[in-house]
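Single-letter residue listing:
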Amino acid sequence: MLKELRPAVISFLLLTLLTGIAYPLLVTGISQVTMSDKANGSLIVKDGKPVGSSLIGQSFSDPKYFWGRPSATGPVPNNAGASSGSNLGPTNPVLLDAVKARVQALRDADPGNQQAVPVDLVTASASGLDPHISPAATEYQLARVARLRNLSPDALRKLVGEHTEGRQFGILGEPRVNVLELNLALDVAR
Amino acid sequence: MINLFVQVALYLGVLLALAKPMGYYMARVYEGKLPAFVRWMQPAENIFYRLCGVDSKQEMRWTRYAMAALWFSLLGVLAVYAMQRLQGWLPLNPQGFGAVSSDSSFNTALSFVTNTNWQGYVGETTMSYLTQMSALTVQNFFSAATGMAVVIALIRGFARHTTETIGNFWVDMTRSTIYILLPISTVLALVLVGQGVVQNFSAYQNVPLVESLSYEQPKLDASGNPLKDAAGNAVTEKVVVKEQSIAMGPVASQEAIKQLGTNGGGFFNANSAHPFENPTPFANFLAMLSIFIIPAGLCYTFGSMVGDTRQGWAILASMTLLFVGFLAVAEYAEQGGNPAFTALGVDQNASAMQSGGNMEGKETRFGIVNSALFATITTAASCGAVNSMHDSFTPLGGLVPLAQIQLGEVVFGGVGSGLYGMLVYAVIAVFLAGLMIGRTPEYLGKKIEAFDIKMASLVILIPPLIILGGSALAAMLDVGRSSIYNPGAHGLSEVLYAFSSATGNNGSAFAGFGANTPFYNTALGFAVWAGRFWLMIPVLALAGSLAAKKRIPASVGSMATHTPLFVWLLIVTVLLVGALTFVPALALGPVIEHLNMISVH
């Protein structure tokens, strides 16, 4: 019974030092020296000050901006200190009411637009921090943003294109548009 | 459709191509024939044994092997519990988090030691950086290494004959850690940082919001009680939020071993859906690959160590076929979307412009293909990391993870635990075949006798007892029902998922379910412990029994266990045992919900 206690205690301590102290410190050291931007959160810096992270979405509700994925974090959407999805089940009436309200808000912001709404614009993301929307979701909003900012749709589409990523290496994942970067660029453009 | 096929084929292609080199390397490590590129570490390994008082040449009987694994795990529980309770006084706590509650600490300690990594807590508002890296990350290594050691002991049981011993736990566990888990994790962590996973010890970063936000909160009086107006309604005040506080931490180092060790406990609450844990599709690809690489490789290690690699390929083929079947259901269900959304004027069709499908609880960069793929992988293995919220899956999409966990996570499975689970099913399969033709069953030249079948039966029967018994109990009690988040049949699925995930040591959840209560912290804490050690001990007993047997040469009457026929028999055995046990419960949860969903129109 007790014969294995000594090896248990000593190996536990030594391997804790190795995997719980040395290993994370080594990874931190190498990352901070060679890739400090990424290791520190891929921050977007303007005039020497961080204005957001290109990996963390912000919430937009002003019609002159592109809106991102709905976020279920509390107490405010896109709370990057407490990530969360909605966890609403597919037949939960609360989910259907939420989607209905989001469709309505998009329609109210752009009454002339009768297209079907791309699903990612009205469903909450898994993290509550999704920085991206689909190209379909930017196309749906494009006429609205162009009109409110007095931009030609083609010029705006070009700007959107600059913030659109295809599949990684042409294969992995899905095409997407970074909403915060796009909106920051919009504010610079106009 | 092309997108689906290309991404899945690439994933499976890379995985299966790596299974042999990985498996070959692991076999060399466990047999002590280290390849040259790691042999320089051997003197350090030997010094380590001397410090620990371990004679690396001395082998153990199964009882002593089990005792060593238990002591090691017990120390882990104490250390993780203590670190959480004491973190307020310890360094590397820039957010100043206080002690974690005792029942939550208890649950988390058991959960991480058993390779479950169920998270009842919200990481970024609960755990200090020191707790994350020196308690939780450490158990990510140790629980994986323990699982790998046990499967190697079982493989030795098949490979050896007429001997009392099955190896030395300390040697197997140490080699798993320093030659396999640690080097791969280090490389993987650095690649992940290159993709954008954070790795720092900074306080949370505040950035200005482009559009400020506001919310209402209850107004409190001087003594902290909520104020009420004359009509008795709560008085609220408006809070304006102008900044976003972005959680940080040493994430990449935990992320790497979290996947590689099929642990699955996220640094953040949103786990692998969080952009700082899983920022790009390539990071996601590596995550999925590292979940399956050791379980797939171990199949080859098994074949190599028993002296017939075809035996390993047969097991791997069974796992792959089962996996593809489950994956097809999940992809189909999630891409099909939610019929109620279409009625609201929502476009769920896949196109070049969007992934479409049921996007509730999914991230845009992963879309449907990589969300359903990840969900199938993480529950085929005992990983439990999630890059999408399983609670928001369509009923059939959510049934896939649930059913895979209930089958015992033998489709690839957890590191070590998956293969030992599948080998137990193989023992049951040859037993069934033996019954049909009236011969004493044998597997790999070992006669399977009454004691072996008893141990195998324990491994098969204990999990359903805990899952179904626990779910039934919880569904009858007020404290059990009060944690349910979604109404109707989905609520029962949440309870079933919680007990399945805990007992299966998976750790994923239908996460709307409020599991951080004294009742569930205790009940699920018990379930993770029983689901781990009540299975591990019979497996080690089986290993000891097999090692002691004579090897009998194959005769014309022996059933070949490397043929397509055996692959099929094994698949049918897994599905039949699982189906007979869990179909009634699944019918009351996901199946009813599916019928409700499609009957909306």
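As the structure is a computational prediction, the values presented were derived from the model and not from experiment.

Undergrad: I tried to follow the overall build of chain A on my own but got confused; where do I start?
TA: A tally of regular secondary structure across chain A gives six helices and six strands. Scored against the burial criterion, the 190 residues of chain A give a buried share of 57%. The long-range fraction of contacts in chain A, counting pairs at least 24 apart against all pairs at least 6 apart in sequence, stands at 58%. For chain A, the exposed surface amounts to about 7,700 Å²; the carbon and sulfur share of it is 61%. Charged side chains in chain A number 18 positive and 16 negative. The centres of these two groups are separated by 2 Å.

Undergrad: Even after reading the chapter, I still don't get the domain arrangement of chain B, so can you show me in this structure?
TA: Many structure descriptions define interface size as the accessible area lost when the parts assemble. The domain architecture assigned to chain B consists of domain 1 (22-203 + 249-280) and domain 2 (205-246). Centre-to-centre, using C-alpha coordinates, domain 1 of chain B lies 41 Å away from domain 2 of chain B.

Undergrad: Looking at this structure, how should I read the packing of helix α4 (residues 62-86) of chain B against helix α7 (residues 129-159) of chain B?
TA: Between two packed helices, both the angle of their axes relative to each other and the distance between the axes serve to describe the pair. Residues and elements named next belong to chain B. Running from N to C, α4 and α7 cross one another at 165°; their axes reach a closest spacing of 10 Å. Comparing the axis directions of α4 and α7 gives the class roughly antiparallel. Between α4 and α7 lies a crossing whose hand is left-handed. Seen from α4, the contacting residues are Tyr65, Ala69, Phe72, Gly76, Val80, Met83 and Gln84; seen from α7, they are Leu130, Thr131, Ser134, Ala135, Leu136, Gln139, Phe142, Thr146, Ala149, Val150 and Ala153. Here the contact of α4 with α7 is built from residues that sort into 12 nonpolar, six polar and no charged.

Undergrad: What's the story with the interface of chain B and chain A in this structure? I'm lost.
TA: Of the residues lining the interface, 118 residues belong to chain B; the matching set on chain A comes to 107 residues. Per-residue buried area on chain B facing chain A is highest for B:Glu211, B:Glu360 and B:Thr364; these three make up 8% of the total on that side. In this structure, the salt-bridge partner of A:Asp130 is B:Arg365, at a minimum N-O distance of 4.0 Å. There are 50 residue pairs in polar contact (both at pLDDT 80 or more) connecting chain B and chain A. Among the elements that line the side of chain B that touches chain A, the one with the most residues is helix α8 (residues 169-195) of chain B, at 12 residues. A breakdown of the residues in the side of chain B that touches chain A according to their chemical character gives 64 nonpolar, 43 polar and 11 charged. Here strand β3 (residues 117-118) of chain A runs beside strand β3 (residues 346-347) of chain B; their pairing, made up of two bridges, is parallel. Considered in β3(B), the bridge of A:Pro118 is made with B:Asp347.

Undergrad: Please explain the pattern of salt bridges as it appears in this structure.
TA: Side chains that carry opposite charge are capable of pairing whenever their charged atoms lie near each other. Residues and elements named next belong to chain B. In this structure the tally under the stated criterion is 25 salt bridges over all chains. One salt bridge in this structure joins Glu449 and Lys549, with 2.6 Å as the shortest N-O distance. Linking Glu449 in the loop between β5 (446-447) and α16 (450-476) with Lys549 in the loop between α19 (518-548) and α20 (564-598), this pair joins segments that are 100 residues apart in sequence. Note on Glu449: relative accessible area 40%, which makes it partly exposed.

Undergrad: Just to check I follow, could you spell out the sheet that holds strand β5 (residues 164-165) of chain A for this structure?
TA: Pairing between the strands of a sheet is mediated by backbone hydrogen bonds and can be parallel or antiparallel. Residue and element names in this part refer to chain A. Judged by pairing direction, the sheet is antiparallel, and its three strands sit side by side in the order β4-β6-β5 without closing on themselves. For this open sheet the edge positions go to β4 (132-133) and β5, each flanked by a neighbour on one side alone. Both β4 and strand β6 (residues 176-178) contribute to a ladder of two bridges, which runs antiparallel. Bridge pairing links Ile133 to Val177 in β6.

Undergrad: I keep staring at helix α14 (residues 395-406) of chain B and nothing clicks. Help me out?
TA: Each full turn of the α-helix corresponds to 3.6 residues, which orients residues three or four apart in the same direction. Residues and elements named next belong to chain B. Over its 12 residues, α14 extends 16 Å from the first C-alpha to the last, a length consistent with the 16 Å expected when each residue adds 1.5 Å. Among the 12 residues of α14, 11 are classified as buried, and the element is accordingly described as predominantly covered. Listed as buried for α14 are Pro395, Gly397, Gly398, Leu399, Val400, Pro401, Leu402, Ala403, Gln404, Ile405 and Gln406. Here the buried face of α14 lies against α11 (309-336), α13 (367-380), α16, α18 (489-503) and α20. Two residues or fewer past α14, Gly408 is found with a positive phi of approximately 100°.

Undergrad: Quick question: what am I supposed to make of a nonpolar patch on the surface here?
TA: Taken together, B:Leu432, B:Leu435, B:Met436 and B:Ile437 make up a surface patch of nonpolar side chains, about 430 Å² in accessible area. Note that B:Ile437 resides in helix α15 (residues 417-437).

Undergrad: Honestly, the domain arrangement of chain A in this entry has me stumped. Any pointers?
TA: Per the domain assignment, the segments of chain A are domain 1 (2-36) and domain 2 (41-189). One C-alpha centre belongs to domain 1 of chain A, the other to domain 2 of chain A, and the line joining them spans 41 Å.

Undergrad: Hey, could you run me through the packing of aromatic side chains in this one?
TA: Within a pair of aromatic rings, the relevant descriptors are the distance that separates the centres and the angle that separates the planes. Inspection of every chain in the model, using the stated rule, returns 30 aromatic pairs over all chains. One aromatic cluster is present, formed by A:Phe12, B:Tyr65, B:Phe72, B:Phe142, B:Phe169 and B:Trp170 through successive ring pairs. The ring of A:Trp67 carries A:Arg144 above its face, with NZ or CZ at 4.7 Å from the centroid. The ring of B:Phe393 carries B:Lys362 above its face, with NZ or CZ at 4.1 Å from the centroid.

Undergrad: Help me out: how do you make sense of the environment of B:Thr376 in this one?
TA: Residues and elements named next belong to chain B. Assignment of secondary structure puts Thr376 in helix α13. Given a relative accessible area of 1%, Thr376 falls into the buried group. Residues Thr376 and Glu331, spaced 45 residues apart in sequence, show a C-alpha to C-alpha distance of 9.2 Å. Beyond its immediate sequence surroundings of up to four residues, Thr376 is in contact with Phe323, Phe326, Leu327, Ala330, Val400 and Gln404. Polar side-chain contacts of Thr376 include one of 2.7 Å to the backbone oxygen of Ala372.

Undergrad: Looking at this model, I keep getting lost on the nonpolar core. Mind explaining?
TA: Here is a general trend for soluble globular proteins: nonpolar side chains tend to be buried in one another's company. In this structure, B:Ile294 and B:Tyr443 are the most contacted members of the largest nonpolar core, which totals 201 residues. Examining the composition of this core, we find that 19 residues originate from one element, α7(B), more than from any other. Once residues lying within four places of it in the same chain are set aside, the contact partners of B:Tyr443 are B:Phe158, B:Phe302, B:Gln311, B:Ile315, B:Leu423, B:Ala426, B:Val427, B:Val430, B:Ile448, B:Thr561 and B:Phe566. Residues A:Val51, A:Phe60, A:Val177 and A:Leu184 belong to the second largest nonpolar core, which totals 37 residues.

Undergrad: Looking at this structure, how should I read unusual backbone geometry?
TA: Peptide bonds are, in most cases, trans, and in most cases residues other than glycine have a negative phi. Residues and elements named next belong to chain A. The omega torsion of the bond from Gly74 to Pro75 falls at -5°, within 30 degrees of zero and hence cis. Along the chain, Pro75 falls in the loop between β2 (49-53) and α3 (93-109). If you check the backbone angles, Ser42 has positive phi at about 50° while not being a glycine. Inspection of the secondary structure assignment puts Ser42 in the loop between α2 (36-39) and β1 (43-46).

Undergrad: Help me understand the side chain of B:Ser545 in this model?
TA: Tracing the backbone shows B:Ser545 in helix α19. With sequence-adjacent residues up to four places away left out, B:Ser545 is seen in contact with B:Phe451 and B:Asp452.

Undergrad: Looking at this structure, how should I read empty space enclosed by the protein?
TA: With a probe scaled to a water molecule rolled over the atoms, the places where space remains empty come into view. Summed over the entire model, instances satisfying the criterion amount to three cavities of 30 Å³ or more. The wall of the largest cavity is formed by 13 residues, among which A:Ser134, B:Gln354, B:Ser355, B:Gly356 and B:Thr364 lie closest to the centre. Taken together, the residues of the lining of the largest cavity break down into five nonpolar, six polar and two charged.

Undergrad: What is the right way to look at the packing of α8(B) against helix α10 (residues 281-305) of chain B in this model?
TA: Residues and elements named next belong to chain B. Their axes nearest at 10 Å, the elements α8 and α10 cross at an angle of 170°. As summarised for this structure, α8 and α10 are arranged roughly antiparallel, according to the angle between their axes. Of α10, the residues touching α8 (which contributes Ile180, Leu181, Leu188, Val191, Leu192 and Gln195) are Phe282, Ala283, Leu286, Ser290 and Ile294.

Undergrad: Would you mind showing me how to read α13(B) here?
TA: Here α13(B) spans 20 Å end to end across 14 residues, near enough to the 20 Å set by a 1.5 Å rise per residue. The buried count for α13(B) comes to 14 of 14 residues, which makes it a mostly enclosed element.

Parameters and conventions
Residues numbered from 1 in each chain as written. Chains lettered and ligands numbered in written order. Predicted model: local features only at pLDDT ≥ 70, side-chain atom pairs only at ≥ 80, totals over all residues. Heavy atoms only, no water. Helix = DSSP H or I, 4+ residues; strand = E, 2+ residues; numbered from the N terminus. Buried < 20%, exposed > 50% of the residue type's maximum accessible area, 1.4 Å probe, protein only. Contact = heavy atoms within 4.5 Å. Areas by Shrake-Rupley, 256 points an atom, 1.4 Å probe, with all protein chains shown as cover. Lys, Arg positive; Asp, Glu negative; His and termini not counted. Charge placed at Lys NZ, Arg CZ, Asp CG, Glu CD. Domains from an automatic or database assignment. Axes fitted to C-alpha atoms, helices over the stretch in contact; angles between N-to-C directions. Parallel < 35°, antiparallel > 145°, perpendicular 65-115°, else oblique. Left-handed = near helix turned anticlockwise from the far one by under 90°. Nonpolar A, V, L, I, M, F, W, Y, C, P; charged D, E, K, R; others polar. Buried area = accessible area lost by both parts, 1.4 Å probe. Salt bridge = Lys/Arg side-chain N within 4 Å of Asp/Glu carboxyl O. Polar contact = N/O pair within 3.5 Å; in protein donor to acceptor, adjacent residues only side chain to side chain. Pairing = 2+ DSSP bridges. Expected span 1.5 Å × (residues − 1). Patch = residues over 30% accessible without salt bridge, like charges linked within 9 Å, V, L, I, M, F, W, Y side chains within 5 Å. Phe/Tyr/Trp six-rings, centres within 6.5 Å; stacked < 30°, edge-to-face > 60°. Lys NZ or Arg CZ within 6 Å of the ring centre and 35° of its normal. Core = buried A, V, L, I, M, F, W, Y, C linked by side-chain atoms within 4.5 Å. 1 Å grid on protein atoms, 1.4 Å probe; cavity = no way out; pocket = protein on both sides within 12 Å on 5 of 7 lines; lining within 4 Å. Points joined across faces, edges and corners; volume = space filled by probe spheres on them.

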